[in-house]
Amino acid sequence: MATSVAKEEQPSLNGNISEPQTKKLTDLPTELLEHILCFPVLKHVDICNVSCCCKRLHDVCHGRGKVWEHQYKLRWPRLQRFYRQNESCDWLREYKTRHRVGIQIRRTVESISKRFFTEVPCVGQVLGDSFAEIESLGMPEHFCEDELLFILNSDKRKSLTLKYYARKILYFLRQQNILRSLKTFLEQPAEQQSALEGAVLVDQYCNPLADVTLDGISVQVDEIAEKVKKMLRIKNPSHPSLRIANGDCVIEDFELQRQVLFALNSVLYEQLQYKGNECDYYNPLNSYIHQVLLRHTGIPISLSVLYMTLARKLGVQLEPVNFPNHFLLRWCQKPRRSEDIYDFVYIDAFGKGKQLKAKECEYLIGHQVTADYYSAISTTEVLLRMVGNLLNIGKRGEGNEKSYQLLRDSLDLYLTINPDNVQYLLLQARLYFHLGIWPEKVLDILQHIQALDPSQHGAVGYLVQHTLEHIQHKKHPVTPEVKRRSAPEHLEVQYSVGLIMKHKRSGYNCVIYGWDPKCTMSQEWITTMRVHQLSNGADQPFYNVLVQDGTCRYAAQENLEPHSSPLEIGHPEVGRYFSEFTETHYVANEELQTRYPEDTGETLDTVQQLYHRTALGSGSQEETPAAEQNHHQAMLM
């Protein structure tokens, strides 16, 4: 590094000009040196080299100085929120720690695919060992999350396998944090528990990768409350709700309470157009408070939580009512607390805030109920009802990744709130057993069930036996089959892994991630899917494909054709099999290439041929005899 900065002529004692003196870089003021060393073009390696030049520059680049602070914040801008402004910190130590964490996280994520890859998608797969491995490293949590986000936000079409497992790990780590927050919430006295905060925790756990925070939700709720106050100000400029901040006091006068609820209904249902989602009632989005605020629609319980929170902010105390099949709120009409169900007006937040008498509520469900169902419930019971709704939606699902994930998440939440519910503990054990995940945890759950209810020994014993067999099987994994296209039995296989295809009959777009020379499904499946109606029946190659709609299907060769305009397939499992998307095809990752070692070259050849034809202007493929079979009604899944 050149240290000469400038030459300055100095007059001698006899008035003559002396030889010019060289001024060194190190002679500059510290502030100016720091400014120079904070230029964006300089990286951490450059700063390390500079600090080794001499003691002066080493001192300027000290760990707590501006130079390393600048390097740290320039490289990891998301971490700035964890530090107070002008905070004194050893930035060099923070930089080194974050750098080491990044290397360790990346190594762990890169190793997962080799250890957990399976050609058949494992719905609801849990990489428990790897999660525990990351937790056991004892690294700062926010550093781990930042590195995972860095991986996820890198080049969209590359490192797909790395991103796939980084997303799974981030999902798990955030859920563990949210569960800890939920347990802390449940330990609070009942009167301090907010239904809105509980709803946010449920939302966060089921959507850990979404940007959902209590502060963000509260701001949106406050904005609605301000709109209600604005309407109240027009109707009654002296209304006490206008002076209330965050529900600090309760309005006693019933006429003033009525004015609040009238204004609330007007703003919420007329001005903002909130409504019950009757058309898509069982959509889980209806239960997530951030989606209710975004879409202005929900189900009775989610709308009730919003309505009750707004009323409380404006000084009106409403209570949640666990009415069967239709969650309600109740508004006491007596100056003192009463338990007589006829002393309350019941509010249907799903029905645009309609006010009902006790017996009118029964018209909502079509049958009579006892007085117990009109009682107020605690915040914990509200959360159990909310999570129970999600659990039922998960059970109603189609057996795909999304429904299994919802079922797992809602079971986790329910058993965190009510850990001794034998029915749901058994359901959780059966779910994990069915999915073939976390066998050690299954044994823990079964042991807990046996301690709570010995009468379950039959179901518990069956699951214990088969779970132990599964653990033994894991210790001796079967070597996966390697499929070579050049093998005589595979010569009829036309297409290869990574090609983007179109289904001739159903019209869906997909990518191939596996194939069989003949259909390997059961006879029952073959009959159900009417494979015999195909011209070549089951005696033809079949392909495992990831479909654009998020499903995985098994399609006959005669029903597939290369896509004329290749496009990305938005399937959540793409990263399990492929490392990169080019403009024409997907590149198989190392694990998939090991299973199909000759497919990579075949895919490239096919793509080049298709491009060559396109360049010549042929545009589309010739009709094949198989394409004439469109009159058949078989639809292969």
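A brief structural summary. A quick note: this is a predicted structure, and the numbers were derived from the prediction, not measured. (Residues numbered from 1 in each chain as written. Predicted model: local features only at pLDDT ≥ 70, side-chain atom pairs only at ≥ 80, totals over all residues. Heavy atoms only, no water.)

## Describing the sheet that holds strand β13 (residues 560–562)
Sheets are built from strands paired through backbone hydrogen bonds, the pairs being either parallel or antiparallel.
Phase 1 of the analysis: The antiparallel open sheet is built from five strands, whose spatial order is β12-β11-β10-β9-β13. What marks the edges here is a single partner per strand, and that holds for β12 (552–556) and β13. Geometrically, the sheet is characterised by an average inter-axis angle of 50 degrees between neighbouring strands, direction not taken into account.
Phase 2 of the analysis: Across three bridges, the pairing between strand β9 (residues 500–503) and strand β10 (residues 509–516) is antiparallel. The partner of K502 across the bridge, within β10, is N509. (Pairing = 2+ DSSP bridges. Helix = DSSP H or I, 4+ residues; strand = E, 2+ residues; numbered from the N terminus. Axes fitted to C-alpha atoms, helices over the stretch in contact; angles between N-to-C directions.)

## A look at the packing of helix α10 (residues 214–235) against helix α13 (residues 300–313)
Phase 1 of the analysis: Direction vectors running N to C along α10 and α13 enclose 60 degrees, while the axes themselves pass 10 Å from each other. It follows that α10 is oblique to α13 by the angle criterion. In this structure, α10 crosses over α13, and the sense of that crossing is right-handed. Residues V221, D222, I224 and A225 of α10 lie in contact with α13, whose contacting residues are L306, T309, L310 and K313. (Parallel < 35°, antiparallel > 145°, perpendicular 65-115°, else oblique. Left-handed = near helix turned anticlockwise from the far one by under 90°. Contact = heavy atoms within 4.5 Å.)

## Here we look at unusual backbone geometry
Phase 1 of the analysis: In this structure, Q273 takes a positive phi of about 60 degrees despite not being glycine.
Phase 2 of the analysis: Counting through the fold element by element, Q273 comes out in the loop between α11 (254–271) and β3 (275–276).
Phase 3 of the analysis: Non-glycine residue N325 carries a positive phi angle of around 65 degrees.
Phase 4 of the analysis: For N325, the location among the structural elements is in the loop between β5 (319–321) and β6 (328–332).

## Notes on the packing of α11 against α13
Phase 1 of the analysis: Viewed as axis vectors pointing N to C, α11 and α13 meet at an angle of 135 degrees, and their least axial separation amounts to 11 Å. Viewed along their axes, α11 and α13 adopt a mutual orientation that is oblique. Crossing angle aside, the handedness with which α11 passes α13 is right-handed. Across the interface between the two elements, L261, L264, N265, L268 and Y269 from α11 touch L306, Y307, L310 and A311 from α13.

## Some points on α13
Phase 1 of the analysis: The end-to-end C-alpha distance of α13, which contains 14 residues, comes to 20 Å, matching closely the 20 Å that a straight helix rising 1.5 Å per residue would cover.
Phase 2 of the analysis: Judged by how many residues are buried, α13 sits mostly within the fold: 13 of 14 residues are covered.
Phase 3 of the analysis: Within two residues after α13, G315 carries a phi angle of roughly 95 degrees, on the positive side. (Expected span 1.5 Å × (residues − 1). Buried < 20%, exposed > 50% of the residue type's maximum accessible area, 1.4 Å probe, protein only.)

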